[in-house]
Amino acid sequence: MKHVKAGVLGWPVDHSRSPALHGYWLKTYGIDGSYLRLPVPPESLGQALGELHEKGFAGVNLTVPHKETAVSFLHGVTAEARQIGAVNTIFISADGKLLGTNTDGYGFISSLTTSAPAWRPDAGPVVVLGAGGASRAVCFALINAGVREVRLINRTVARAEALTMAFGPRVIPLPWEKIRDALNDATLLVNTTTLGMQSQPPLDIDLSPLPPSAVVNDIVYVPLETPLLAAARRRGNTVVDGIGMLLYQAQPGFAGWFGIRPEVTPALRAHVLAA
Ligand code: ATR
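Residues numbered from 1 in each chain as written. Predicted model: local features only at pLDDT ≥ 70, side-chain atom pairs only at ≥ 80, totals over all residues. Heavy atoms only, no water.

### A few points about unusual backbone geometry
Then comes step 1: Here the residue pair W11 and P12 is connected by a cis peptide bond, since its omega of 5 degrees sits within 30 degrees of zero.
Then comes step 2: Topologically, P12 is positioned in the loop between β1 (4–10) and α1 (18–28).
Then comes step 3: In this structure, the amide linkage connecting V222 to the following residue, P223, adopts the cis form with an omega of 5 degrees.
Then comes step 4: With respect to the helices and strands, the residue P223 is situated in the loop between β11 (215–218) and α8 (227–234).
Then comes step 5: The residue S199 is not glycine, and still its phi comes out positive at about 65 degrees.
Then comes step 6: Note on S199: relative accessible area 74%, which makes it exposed. (Helix = DSSP H or I, 4+ residues; strand = E, 2+ residues; numbered from the N terminus. Buried < 20%, exposed > 50% of the residue type's maximum accessible area, 1.4 Å probe, protein only.)

### A look at the nonpolar core
Then comes step 1: Grouped together as the largest cluster of nonpolar side chains are 30 residues, with contacts concentrated most on F108, L112, W119 and L142.
Then comes step 2: Contributing elements (two or more residues each) for this core: α4 (104–115), β7 (126–129), α5 (133–145), β8 (150–153), α6 (157–167) and β10 (188–191).
Then comes step 3: Among the elements that make up this core, the one with the highest residue count is α5 (7 residues).
Then comes step 4: When sequence neighbours within four positions are dropped, the list of residues in contact with L112 reads W119, L188, V215, N217 and V240. (Core = buried A, V, L, I, M, F, W, Y, C linked by side-chain atoms within 4.5 Å. Contact = heavy atoms within 4.5 Å.)

### A word on α4
Then comes step 1: With 12 residues, α4 ought to run about 16 Å at 1.5 Å a step, and its terminal C-alpha atoms sit 16 Å apart, in line with that.
Then comes step 2: Considered for burial, the residues of α4 that qualify are D104, G105, G107, F108, I109, S110, S111 and L112.
Then comes step 3: Residues of α4 that are buried sit in contact with α5, β10, β11, β12 (238–240) and α9 (243–258). (Expected span 1.5 Å × (residues − 1).)

### Describing the packing of aromatic side chains
In this description, an aromatic ring pair is defined by two values, namely the gap between the centres and the angle between the planes.
Then comes step 1: For the structure shown, the criterion picks out 7 aromatic pairs.
Then comes step 2: When the centroid spacing of 6.1 Å and the interplanar angle of 40 degrees are considered together, the rings of Y35 and W257 count as tilted. Here Y35 is found in strand β2 (residues 33–39), whereas its partner W257 is found in helix α9, with 222 residues between them in sequence.
Then comes step 3: With a relative accessible area of 9%, Y35 lands in the buried category.
Then comes step 4: Pairing W257 with F258 gives two aromatic rings, centres 6.2 Å apart and planes at 90 degrees, and the pair type is edge-to-face. (Phe/Tyr/Trp six-rings, centres within 6.5 Å; stacked < 30°, edge-to-face > 60°.)

### Considerations on the site of the ligand
Then comes step 1: Neighbouring residues of the ligand: G130, A131, G132, G133, A134, N154, R155, T156, R159, T193, T194 and L195.
Then comes step 2: In this structure, an oxygen atom belonging to the ligand sits 2.9 Å away from a side-chain N or O atom of R159.
Then comes step 3: A breakdown of the residues in the shell around the ligand according to their chemical character gives 3 nonpolar, 7 polar and 2 charged. (Near = heavy atom within 4 Å. Polar contact = N/O pair within 3.5 Å; in protein donor to acceptor, adjacent residues only side chain to side chain. Nonpolar A, V, L, I, M, F, W, Y, C, P; charged D, E, K, R; others polar.)

### Description of α6
Then comes step 1: Residues of α6 that are buried include every one of A160, L163, T164 and F167, and no others. For α6, the angular spread of buried residues about the axis comes to 105 degrees, placing them on one side.
Then comes step 2: G168 occupies a position one or two residues after α6 and carries a positive phi of about 95 degrees. (Arc of directions from axis to C-beta.)

### Some details on the domain arrangement of the chain
Where interface size is given, it is often the accessible area lost as the parts come together that is meant.
Then comes step 1: What the domain assignment lists for the chain is domain 1 (4–102 + 249–274) and domain 2 (105–241).
Then comes step 2: Spacing between the C-alpha centres of domain 1 and domain 2 amounts to 26 Å.
Then comes step 3: For the pair domain 1 and domain 2, the summed buried area comes to about 970 Å², and 57% of that belongs to carbon and sulfur atoms.
Then comes step 4: Where domain 1 packs against domain 2, one counts 1 salt bridge.
Then comes step 5: When the shortest N-O distance is used, the salt bridge between D241 and R269 registers 2.7 Å. (Domains from an automatic or database assignment. Buried area = accessible area lost by both parts, 1.4 Å probe. Salt bridge = Lys/Arg side-chain N within 4 Å of Asp/Glu carboxyl O.)

### Concerning the sheet that holds β1
Then comes step 1: A sheet is described by the order of its strands in space; here 6 strands give the open sequence β2-β1-β3-β5-β6-β4, paired in mixed fashion. Only two strands of the sheet have a single neighbouring strand rather than two, namely β2 and β4 (76–77).
Then comes step 2: Contacts from α1 reach β1, β2 and β3 (59–62), with the element oriented near 170 degrees to β2.
Then comes step 3: α9 rests against β1, β2, β3 and β5 (89–92) of the sheet, and its axis sits at about 10 degrees to β5. (Pairing = 2+ DSSP bridges. Axes fitted to C-alpha atoms, helices over the stretch in contact; angles between N-to-C directions.)

### Quick notes on the sheet that holds strand β9 (residues 171–174)
Then comes step 1: Pairing is parallel in the open sheet, where 6 strands are placed in the order β9-β8-β7-β10-β11-β12. Looking at the sheet topology across the chains shown, the edges are occupied by β9 and β12. Strand-to-strand twist in this sheet, taken as the mean axis angle between neighbours without regard to direction, amounts to 20 degrees.
Then comes step 2: The sheet contact formed by β10 and β11 spans 4 bridges and is parallel. Paired with V190 across the two strands is N217, which belongs to β11.
Then comes step 3: This element, α6, spans β8 and β9 of the sheet and lies at about 170 degrees to β9.
Then comes step 4: Along the sheet, α8 makes contact with β10, β11 and β12, crossing β11 at roughly 165 degrees.

This is the structure we're talking about:
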């Protein structure tokens, strides 16, 4: 078996946790492979992607700022990537064809259903805060899991409306002022905004209308326990932190490149958090 290579393309890419994540799995499963940081500025993306096959890469992950712009350099994209409007994982075939997909929705729903197994997609409305790139993956996953109503709250309502255009009338765009009513009978609250992230303003919402049985999932993972999750935990809601989405989104890529479906374990989680 020849040495298999994968990596992450970004600009900058030094803060990515993906090398720690995939490196842990390579070691755990004793695979002759490597996962590299590949700093690529936007103007070099096409060239960098075009050279991957001859350099022995089985595929790559994409991160900021390449996730939305890579499509034009690929031979094909999956329905997930097309609907989410971004590519985070590329598989390269034996004859050098690049196929782009998006595993962020898979990562989100896997993390949620593993950490909150009692939550049911069809049990009631879900509230999602934010309408950026991360929200597109979350909404895609929720709709595909069978959620009938996603109340999508965003500061800029036009961005929320764009997600209704993409995913249909199950996604209901709402302004921030409607949050109290929206939380009232929700089964799940998801934060996809950057609020609450280290060096960003806090996400300041009153959780009192939210039923105690609802799940609260913050996809922010720096810090791991955001003020939102701390407040939700204090009032007895089941909470799901953001690191699980990162760990699970990596599974399909690793499986495709290295041929082993890797496990998400507490030891992996600790390793990536310490990286
Ligand atoms: P990502 O790709 O990580 O989702 P993004 O596309 O920049 O990042 O989206 C950031 C999200 O956080 C958006 O929903 C943004 O709201 P707007 O669409 O109105 O910009 C939200 N956000 C960021 N800062 C915010 C703030 N101070 N108040 C409210 N929402 C904020």
